[in-house]
Amino acid sequence: MTPSAPPATRVTALPLLESAREVATHCPYCALQCGMTLRETPQGRVEVAARDFPTNRGGLCQKGWTSAELLDHPERLTTPLVEGQPATWDEAYDFIVDGVRRVQDAHGRDAVAVFGGGGLTNEKAYTLGKFARVALRTANIDYNGRFCMSSAAAAGNRSFGIDRGLPFPMADIAEADTLLLIGANVAETMPPFARYLTEQRQRGGTQIVVDPRATPTARAATLHLQPTPGTDLALALGLLHIVVAEGLTDPAYLAERTTGWDAVRKTVAGYWPARVELLTGVPVADLEATARALAAADRAIILTARGAEQHAKGVDTVTAFINLALALGLPGRPGSGYGCLTGQGNGQGGREHGQKADQLPGYRKIDDPAARAHVAGVWGVDPDSIPGPGLSAYELLDALGQPGGPKAMLVFGSNPVVSAPRAARITERLKSLDLLVVCDFFLSETAAIADVVLPVAQWAEEDGTMTNLEGRVLRRRALRKPPPGIGTDLAVMAELASRLGRTGDGRSVTGGERSGGFSAEPYAVFEELRRATAGGVADYAGVTWERVDAENGVFWPCPAADRAGTPRLFEEGFPTPDGRARMIAVEHRPVAEEIDAEYPLYLTTGRVLAQYQSGAQTRRIAALPGGPFVELHPDLAERLGIDDGDPVRVLSRRGEMTAPARVVTTIRPDTLFAPFHYSGTGRANSLTGDALDPISRMPEFKVCAVRIEPVTP
Ligand SMILES: Nc1nc2c(c(=O)[nH]1)N[C@H]1C(S)=C(S)[C@@H](COP(=O)(O)OP(=O)(O)OC[C@H]3O[C@@H](n4cnc5c(=O)[nH]c(N)nc54)[C@H](O)[C@@H]3O)O[C@H]1N2
Ligand SMILES: Nc1nc2c(c(=O)[nH]1)N[C@H]1C(S)=C(S)[C@@H](COP(=O)(O)OP(=O)(O)OC[C@H]3O[C@@H](n4cnc5c(=O)[nH]c(N)nc54)[C@H](O)[C@@H]3O)O[C@H]1N2
Ligand code: SF4
Ligand SMILES: [Mo]
């Protein structure tokens, strides 16, 4: 079979706004969305240059520098695959549509599921949510953001009535007198961000990092707290206890701008410093120093990332840090506040436009009748035809192929075989499907077990918008068209909707190319997204591509084209019914799986500088160093007779991994660390468990019980 071009009408690219041989765009990877310029040389090679943007100030990390190598990579998918064999686009589409019809006829509409990603542009994330509800009419859509910042998102919504990762521009961070970073290793996960941290220290600021490992971020800080994994909730309660005991709260702020303080105050009374030292392992003196530094500061900022959030109590942990911030009167005070560091390139925008199980565009709730009516109007469908909330990411993956669970799934922008918790089980679930469809540019581990793989455009070949960790909407600009035979995510969704004969009536689509109610044209999709989000919490109605170009990005909410965006939230009030932030009393609780005689060590997982996520992209770049490893403390290594570099096996109740040992003094003796970027025997998620946060449904990626042994030949 010869590869064919995708249906030609579906893959138009916008006329490029700049010279086709050079565009100003942003990095494909993380939420910092560093500015970069892409140039195509006369030989057709794409070169990356750093471009000054407020988040990166001219810096890029190794991943950004090498990102263009994937465009012409020899392993890039160039043709659809059906059952592992090259196929035409027509054959692939027929196979998918037949499969979807067969599954839905036999098992009902919800038997076809969709799994999205926080790397998708706003236009794609929006279209994916609409595709699930209008074209597939399934409730079952969720995405990898559930594994990312969902705990901070849920806590932000609960306390502030809104979830925007940073409620202030990044520039504020450099000016903080005291900065508290909990479970964030930005020196490796967002390297250009480290400049803000350096500047903050150089200005004489206090910088405190909470991490069970002495990471490069922690080592640079003025104070490092090294707690037992999974004890940040106790730590936060303990800090607030000290603030109360030493009379450091802001009573006027608490009275005017919050509700619920009494209950919170009563709860923290039980977390006296000596008890918190026992629970966390952090010395009382360090707890006191931290509480006092926050209270003494004119400008204080508290930031959480995955280390604090990826727990079965992630929402309550973030809530406890928000309570601490509120008791000190920080949110809304100039240069102060609480924020979460969003991770994926469009982790922020990806959680606003409806690829989450319980959500409609504009951060609307899918069970809110007014929200359903508004969005149905934009989509040209009957509000009653929009399904209700579906299963959350892990629950969805775990239900695949099970009685009553989905029998087919379409994946856009995630590689759960590597990145899902309890991954061996999830891989079996994926394999048990009647139909698995994956859109990707490489044969990821998940694509490798799919029935149909569709090759799609990479970031330098498409236009669209992304919303960075500050809530700033940015433009992704195409340098060139996708290679022949390669489609786009938007075109795939438009074509499938059209072939399924379920497109909505398309009334709302104006301008650009249209395919019933689904456009493959990102500009037209964004225009529709503006209307769909109008009046929602994440209101993009006033954001246009033209404004984003002219204003170096626009911060949401931005309800009207003649209104400025909103770089700083909460200056006047909180978007709750009474305008006050809600303080919610929370209690510490143990980790889901405590260590015991059989599994006596904690395992925590995370990232290294040179690799990105499941590694589907960065592992293919030869210049980026990589390979799985397990970090352990020299005392532990000596006790077990393990030398640096020795192969070791780590076992949990779910499975095992093997990798070389890295003996380092920077980790607690009771804790191991493994990066989750690798597959096969080096897959850290073979070990992780599936305990979920009761509210966010976030898995406990950051702690499980394991044992380690040398691999004897
Ligand atoms: N190089 C690189 N950069 C990335 C990514 C990548 O894959 N690679 N991914 C992007 C994405 S999607 C995300 S979400 C961000 C994540 O960015 P980060 O949250 O900074 O990254 P992690 O390494 O997952 O976790 C941060 C730290 O949490 C610590 N930690 C582990 N357990 C605990 C705990 O119980 N309490 C506390 N306080 N800390 C703990 C770990 O030791 C680790 O150093 O990075 C983004 N940037
Ligand atoms: N143990 C452990 N596990 C974790 C974590 C952890 O800290 N520890 N972190 C979790 C977190 S925070 C995250 S965000 C997840 C991330 O894990 P994944 O969801 O697996 O993320 P990626 O590896 O970025 O997968 C993206 C896939 O989609 C492809 N892709 C990229 N862009 C596009 C696009 O625009 N369209 C299409 N169709 N495909 C695209 C890439 O080639 C890649 O195969 O992992 C989670 N898993
Ligand atoms: S920090 Fe993030 S956005 Fe910036 S170059 Fe590195 S991966 Fe890309
Ligand atoms: Mo993430």
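Bear in mind that the values here come from a model prediction, so they are computed numbers and not experimental data. (Residues numbered from 1 in each chain as written. Chains lettered and ligands numbered in written order. Predicted model: local features only at pLDDT ≥ 70, side-chain atom pairs only at ≥ 80, totals over all residues. Heavy atoms only, no water.)

With respect to the pattern of salt bridges
Here the idea is simple: oppositely charged side chains can pair when their charged atoms come close. Summed over all chains, the structure comprises 43 salt bridges. A salt bridge links Glu-462 to Lys-124; its shortest N-O distance comes to 2.9 Å. On the criterion of sequence distance, the pair formed by Glu-462 in the loop between β18 (452-455) and β19 (464-467) and Lys-124 in helix α3 (residues 122-136) is long-range, its members being 338 residues apart. Glu-462 gets classed as buried once you look at its relative accessible area, which sits at 9%. Note that Arg-422 and Asp-690 form a salt bridge whose closest N and O atoms lie 3.0 Å from each other. Of the two residues, Arg-422 sits in the loop between α19 (416-419) and α20 (423-431) while Asp-690 sits in the loop between β27 (671-675) and β28 (704-710), which places them 268 residues apart along the sequence. Since its relative accessible area comes to 24%, Asp-690 is described here as partly exposed. Where salt bridges share partners, they join Arg-21, Glu-40, Asp-72 and Arg-480 into one cluster. (Salt bridge = Lys/Arg side-chain N within 4 Å of Asp/Glu carboxyl O. Helix = DSSP H or I, 4+ residues; strand = E, 2+ residues; numbered from the N terminus. Buried < 20%, exposed > 50% of the residue type's maximum accessible area, 1.4 Å probe, protein only.)

A short note on unusual backbone geometry
Across the chain, the bulk of peptide bonds are trans and the bulk of non-glycine residues have phi less than zero. Cis rather than trans, the peptide bond between Trp-556 and Pro-557 has omega equal to -5°. Looking at the element boundaries, Pro-557 is found in the loop between β21 (554-555) and β22 (581-582). The phi dihedral of Arg-57 falls on the positive side, at around 45°, and the residue is not glycine. Structurally, Arg-57 can be placed in the loop between β3 (46-50) and α1 (62-66). The exposure class assigned to Arg-57 is partly exposed, which follows from its relative accessible area of 31%. Positioned with a positive phi, Arg-422 is a non-glycine residue whose angle comes to about 45°. The exposure class of Arg-422 is partly exposed, given its relative accessible area of 24%.

Brief notes about the pairing of β18
Where burial is concerned, the two faces of β18 agree: the one with Val-452 and Leu-454 and the one with Val-453 and Pro-455 are both buried. Of the strand pairs in this sheet, strand β4 (residues 81-82) and β18 are connected by 2 bridges, and their pairing is antiparallel. Bridge assignment links Val-82 to a residue of β18, and that residue is Val-452. Bridge analysis of strand β17 (residues 435-440) against β18 gives 4 bridges, and the strand direction is parallel. Bridging across to β18, Val-438 finds its partner in Val-453. (Pairing = 2+ DSSP bridges.)

Examining the site of ligand 3
Taken together, 13 residues lie near ligand 3, and Cys-27, Cys-30, Cys-34, Cys-61 and Pro-192 sit nearest. Among the residues making up the shell around ligand 3, the classes are represented as 10 nonpolar, 2 polar and 1 charged. (Near = heavy atom within 4 Å. Nonpolar A, V, L, I, M, F, W, Y, C, P; charged D, E, K, R; others polar.)

Focus on the confidence of the model for the chain
Looking at the chain as a whole, its pLDDT mean stands at 95, while 96% of the residues score no less than 70. Below pLDDT 50 for its whole length, residues 1-19 participates in 48 contacts with residues either more than four positions away or in separate chains. Note that residues 506-516 has pLDDT below 50 and, in this model, 33 contacts with residues that lie over four places away or in other chains. (pLDDT = per-residue confidence, 0-100. Contact = heavy atoms within 4.5 Å.)

Overview of the sheet that holds β19
Strands sit in the order β19-β20-β21 across an open sheet of 3 strands; the sheet is antiparallel. In this open sheet, the two strands that pair with only one neighbour each are β19 and β21. For strand β20 (residues 472-476) and β21, the ladder comprises 2 bridges, and the chain directions are antiparallel. Looking across to β21, one finds that Arg-472 is bridged to Phe-555. Along the sheet, α3 makes contact with β19 and β20, crossing β19 at roughly 95°. (Axes fitted to C-alpha atoms, helices over the stretch in contact; angles between N-to-C directions.)

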